[in-house]
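Listed below, chain by chain, are the residues.
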Amino acid sequence: QVQLVESGGGLVQPGGSLRLSCATSGFTFSVYDMRWYRQGPGKERELVATITSGGESNYEDSVKTRFTISRDNAKNTVYLQMNSLKPEDTAVYYCYARWALATSGHWGQGTQVTVSS
């Protein structure tokens, strides 16, 4: 019933851009905080960006000048605009949804982003 489907990943050269989308269904999107995580090869999963139900955003330090998280409540979709991509951004990117008062949330299956020349 609950679905989070990421799209927009792919192979891009350093300095390039990608826009990830996470289309959701099966829950009340507008009252959920939304997050993007990523997990690179051999690394732990890390939080990249958050946008709250009220529209407040926060970013991991290494991406804060390059990435922008946004949401469209009418489309139940959260986005991650990624500019000036670096090889160290290479990872599987996951969408995550959590109601602020809940103890856990919902994960998407991830989309691969590879930054390489």
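Here's what I pulled together on the structure shown here. (Residues numbered from 1 in each chain as written. Predicted model: local features only at pLDDT ≥ 70, side-chain atom pairs only at ≥ 80, totals over all residues. Heavy atoms only, no water.)

1. Thoughts on the sheet that holds strand E3 (residues 18-25)
Here comes step 1: Ordered by their spatial adjacency, 4 strands build an open sheet running E1-E3-E8-E7, and the pairing between neighbours is antiparallel. The sheet is open, and its two edges are formed by strand E1 (3-7) and strand E7 (67-72), each paired on a single side. Taking the axes of each pair of neighbouring strands and ignoring which way they run, one obtains an average angle of 15° across the sheet.
Here comes step 2: Of the pairings in the sheet, the one linking E3 to strand E8 (residues 77-82) comprises 6 bridges and is antiparallel in character. Bridge pairing in E8 places Leu-20 opposite Leu-80. (Pairing = 2+ DSSP bridges. Helix = DSSP H or I, 4+ residues; strand = E, 2+ residues; numbered from the N terminus. Axes fitted to C-alpha atoms, helices over the stretch in contact; angles between N-to-C directions.)

2. Thoughts on the nonpolar core
Here comes step 1: Formed by 26 residues in total, the largest nonpolar core has its most connected members in Met-34, Trp-36, Val-78, Leu-80, Met-82 and Tyr-93.
Here comes step 2: Those elements that place two or more of their residues in this core are E3, strand E4 (32-39), strand E5 (46-51), E7, E8, strand E9 (91-99) and strand E11 (111-115).
Here comes step 3: In terms of residues, this core owes the most to one element, E9, which gives 4 residues.
Here comes step 4: Setting aside residues no more than four positions away along its own chain, Leu-80 makes contact with Leu-18, Arg-19, Leu-20, Trp-36, Val-48, Ala-49, Phe-67, Thr-68, Ile-69 and Tyr-93. (Core = buried A, V, L, I, M, F, W, Y, C linked by side-chain atoms within 4.5 Å. Buried < 20%, exposed > 50% of the residue type's maximum accessible area, 1.4 Å probe, protein only. Contact = heavy atoms within 4.5 Å.)

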